[in-house]
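So the chains spell out like this:
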Amino acid sequence: MIILKYLLVIFLVTTAYLAISFKEELVSIIFLSIFSIILTTLYLIHNAPDVALAEAVIGAGLNTAIFMTVISQVREGKKSMFREDD
Amino acid sequence: MSKAKHIFVVIVLSLLGITMVINLNKIPGNTDQINFIYSHITNNAVLETGSLNFVTAILYDYRAYDSLGESTIIFGAVSGIVLLLSRKTLPVSSHGLSFIVKRTFGMLTPFIFLFSLYIISHGHLSPGGGFQGGVILGAISIIFSIVYGSEFDFKRYSPTTKTLLETGGALLFIGLGLAGIIFGGYFLENLRFLNTEIGSLLSAGSIPLINTVIGFKIGAGLAIIFYSMIQKTFKEEDKL
């Protein structure tokens, strides 16, 4: 169990670093989603199912959907801006 | 980012980390007061609140005032986002995803709804509570608008219904708190009228009621946030 804990922490730090190191936003969003799934497992191992449930629902579900929407909105807005310039 | 700037950022962050570690070490550990609160909650929480889940007992009974503050924060966020983003455009968007995805989610969505109701209603018995179940309720609205297109979401679960649920939930929460003053003595006191056996569904006084109210309030609030965020695309797609 201790080995699993340390492995998960290493994965956690790796996904957090990868999420900020990519230039493409969609990849970062997916890595953030993986980050919260690993964090959920860690909370479960540390006997905090309430927090784990909140993290799974908000971090992996809602955050991904809202970030995706914002990214698509921003790209759509940029496209229409360039169109109006032309 | 230039190299000197990079090194500066690393130095500032590591200094911040060192100060955080020093300050966290200065927090008093197991003093008498913390031991007293800990032993009081572990010994008396079941008898005092009737809730088997101590986290819910703390969140919605001992510290229900903090939960009121949290839901006020969400209310403020919803109001701000609606004020900034909502535009009076027609609720017509893309026609959703393909037939297979629509059928699959048509079969899955009732079970997601049932799961959220289970998490809300069993908040005082098992892990979960109003907040978590409410976010799952909000996710149903997100599924509607992504998979079926937001015209479906607008027809089935219109913004007026969402607003009614949100404000109604907030008012009922404050109403429960005021009922505590009227019947018991202080704000948000546990009204002990659901007093069946400890561990059954209708126990724990007003905790299940506060859970239900918060669940619908949070779910409707997050649905409003998502809806007002995707609202702008309609105009763009109408142009095209």
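Worth saying up front: this structure is predicted, and the values here are computed from it rather than measured.

Participant: Help me understand the overall build of chain A, please; the structure alone is not making it clear to me.
Facilitator: When helices and strands are counted, chain A shows 3 helices and 0 strands. Across chain A, helices and strands are ordered from the amino to the carboxyl terminus as α-α-α. The C-alpha radius of gyration of chain A comes to 17 Å, more than 25% above the 12 Å expected for a compact globule of 86 residues. On the principal axes, the C-alpha backbone points of chain A span a range of 60 × 25 × 10 Å. Put simply, chain A has 86 residues, and 14% of those count as buried. Residue pairs in contact within chain A that sit at least 24 positions apart in sequence constitute 41% of those at least 6 positions apart.

Participant: Whenever I open this one, the overall build of chain B confuses me. Can you help?
Facilitator: Within chain B, the regular secondary structure consists of 9 helices and 0 strands. If you list the helices and strands of chain B from N to C, you get α-α-α-α-α-α-α-α-α. Pairs at least 24 apart in sequence give 75% of the contacts found in chain B among residues at least 6 apart.

Participant: I'm lost on unusual backbone geometry in this one. Help?
Facilitator: Glycine aside, the phi torsion of most residues is negative, and most peptide linkages are trans. Residues and elements named next belong to chain A. A positive phi angle, close to 60°, is found at Asn-47, a residue other than glycine. Tracing the sequence through the fold places Asn-47 in the loop between helix 2 (25–45) and helix 3 (49–85). Owing to 8 C-beta atoms within 10 Å, Asn-47 belongs among the exposed residues under this scheme.

Participant: Explain the interface of chain A and chain B to me, please; I cannot follow it from the model alone.
Facilitator: Note on interface size: it is often stated as the accessible area lost on association of the parts. At the interface, 15 residues of chain A touch 18 residues of chain B. For the side of chain A that touches chain B, the class distribution of residues is 9 nonpolar, 4 polar and 2 charged.

Participant: For this particular structure, what's the right way to read the nonpolar core?
Facilitator: For soluble globular proteins, nonpolar side chains are generally found buried alongside one another. Counting 39 residues, the largest nonpolar core has Val-135, Ile-210 and Phe-226 of chain B as the members making the most contacts within it. At the level of elements, helix 3 of chain A together with helix 3 (54–62), helix 4 (64–85), helix 5 (99–121), helix 6 (130–147), helix 8 (159–183) and helix 9 (207–239) of chain B are the ones that each hand at least two residues to this core. Examining the composition of this core, we find that 15 residues originate from one element, helix 9 of chain B, more than from any other. Among residues more than four places away in sequence, those in contact with Phe-226 of chain B are Ala-65, Ile-66 and Thr-69 of chain A together with Ser-141, Ile-142 and Ser-145 of chain B.

Participant: Looking at this structure, I do not really get the confidence of the model for chain B. What am I missing?
Facilitator: The predicted coordinates ought not to be read in detail in places where the model reports low pLDDT. All names here are of chain B. Averaged over every residue, the pLDDT of chain B is 81; residues scoring 70 or more account for 90%. Highest mean pLDDT in chain B belongs to helix 1 (residues 3–26) (91); lowest belongs to helix 7 (residues 150–156) (74). Interface predicted TM-score (ipTM) for the complex: 0.79; the corresponding pTM is 0.78.

Participant: Can you help me understand the environment of Gly-130 of chain B in this one?
Facilitator: Residues and elements named next belong to chain B. Mapped onto the fold, Gly-130 is located in helix 6. Under the C-beta neighbour-count criterion, Gly-130 is labelled buried, with 31 such atoms within 10 Å. For the pair Gly-130 and Ile-11, spaced 119 residues apart in sequence, the C-alpha separation works out to 42 Å. Here Gly-130 is in contact with Ile-120, Gly-123, Ile-210, Asn-211, Thr-212, Ile-214, Gly-215 and Ile-218, once residues within four sequence places are set aside.

Participant: How do you make sense of the packing of helix 1 (residues 2–21) of chain A against helix 2 of chain A when you look at a structure like this?
Facilitator: Think of two packed helices as two axes; the pair is described by the angle between the axes and how far apart they sit. Residues and elements named next belong to chain A. Orientation of helix 1 relative to helix 2, taken along the N-to-C sense of each, is 160°, at an axis distance of 9 Å. One element, helix 1, and the other, helix 2, form an angle in the roughly antiparallel class. Regarding helix 1 and helix 2, the two cross each other, and that crossing is left-handed. On the side of helix 1, the interface is formed by Lys-5, Leu-8, Phe-11, Leu-12, Thr-15, Ala-16, Leu-18 and Ala-19, while helix 2 contributes Ser-28, Phe-31, Leu-32, Ile-34, Phe-35, Ile-38, Leu-39, Thr-41, Leu-42 and Ile-45. The residue inventory of the contact of helix 1 with helix 2, partitioned by class, reads 14 nonpolar, 3 polar and 1 charged.

Participant: It is not clear to me how the confidence of the model for chain A should be interpreted in this structure. Could you clarify?
Facilitator: When the pLDDT values of chain A are averaged, the result is 85; 91% of them are 70 or greater. The secondary structure element of chain A with the lowest average pLDDT is helix 3 of chain A, at 80, and the one with the highest is helix 2 of chain A, at 91.

Participant: I tried to follow the environment of Ile-146 of chain B on my own but got confused; where do I start?
Facilitator: Residues and elements named next belong to chain B. As for its placement among the helices and strands, Ile-146 is situated in helix 6. According to the C-beta neighbour criterion, Ile-146 is buried, with 21 such atoms within 10 Å. As for Ile-146 and Leu-97, which are separated by 49 residues in sequence, their C-alpha atoms are 7.5 Å apart.

Participant: What am I meant to see in helix 6 of chain B here?
Facilitator: For helix 6 of chain B, built from 18 residues, the straight-helix expectation of 26 Å at 1.5 Å per residue is met to within 8% by its first-to-last C-alpha distance of 26 Å. The first or second residue beyond helix 6 of chain B is Gly-149 of chain B, which carries a positive phi of 85°.

Participant: In this structure, what is going on with the environment of Ser-203 of chain B? I would like to understand it.
Facilitator: Residue and element names in this part refer to chain B. Inspection of the secondary structure puts Ser-203 in the loop between helix 8 and helix 9. Its 19 C-beta neighbours within 10 Å are what place Ser-203 among the partly exposed residues. Along the sequence, Ser-203 and Arg-192 sit 11 residues apart, while their C-alpha atoms lie 8.8 Å from each other.

Participant: Is there a simple way to explain the packing of helix 4 of chain B against helix 8 of chain B in this structure?
Facilitator: All names here are of chain B. As a packed pair, helix 4 and helix 8 sit with axes 11 Å apart at the nearest point and diverge in direction by 155°. On the basis of their axis angle, the class for helix 4 and helix 8 is roughly antiparallel. Considering the relative orientation of helix 4 and helix 8, their crossing is left-handed. Here helix 4 contributes Leu-68, Ser-71, Phe-75 and Val-78 to the contact with helix 8, which in turn contributes Glu-166, Ala-170, Phe-173 and Gly-177.

Thresholds, definitions, all that
Residues numbered from 1 in each chain as written. Chains lettered and ligands numbered in written order. Predicted model: local features only at pLDDT ≥ 70, side-chain atom pairs only at ≥ 80, totals over all residues. Helix = DSSP H or I, 4+ residues; strand = E, 2+ residues; numbered from the N terminus. Rg over C-alpha atoms; globule rule 2.2 N^0.38 Å. Buried ≥ 20, exposed ≤ 12 C-beta atoms within 10 Å, placed from the backbone. Contact = placed C-beta atoms within 7 Å. Nonpolar A, V, L, I, M, F, W, Y, C, P; charged D, E, K, R; others polar. Core = buried A, V, L, I, M, F, W, Y, C linked by C-beta atoms within 7 Å. pLDDT = per-residue confidence, 0-100. Axes fitted to C-alpha atoms, helices over the stretch in contact; angles between N-to-C directions. Parallel < 35°, antiparallel > 145°, perpendicular 65-115°, else oblique. Left-handed = near helix turned anticlockwise from the far one by under 90°. Expected span 1.5 Å × (residues − 1).

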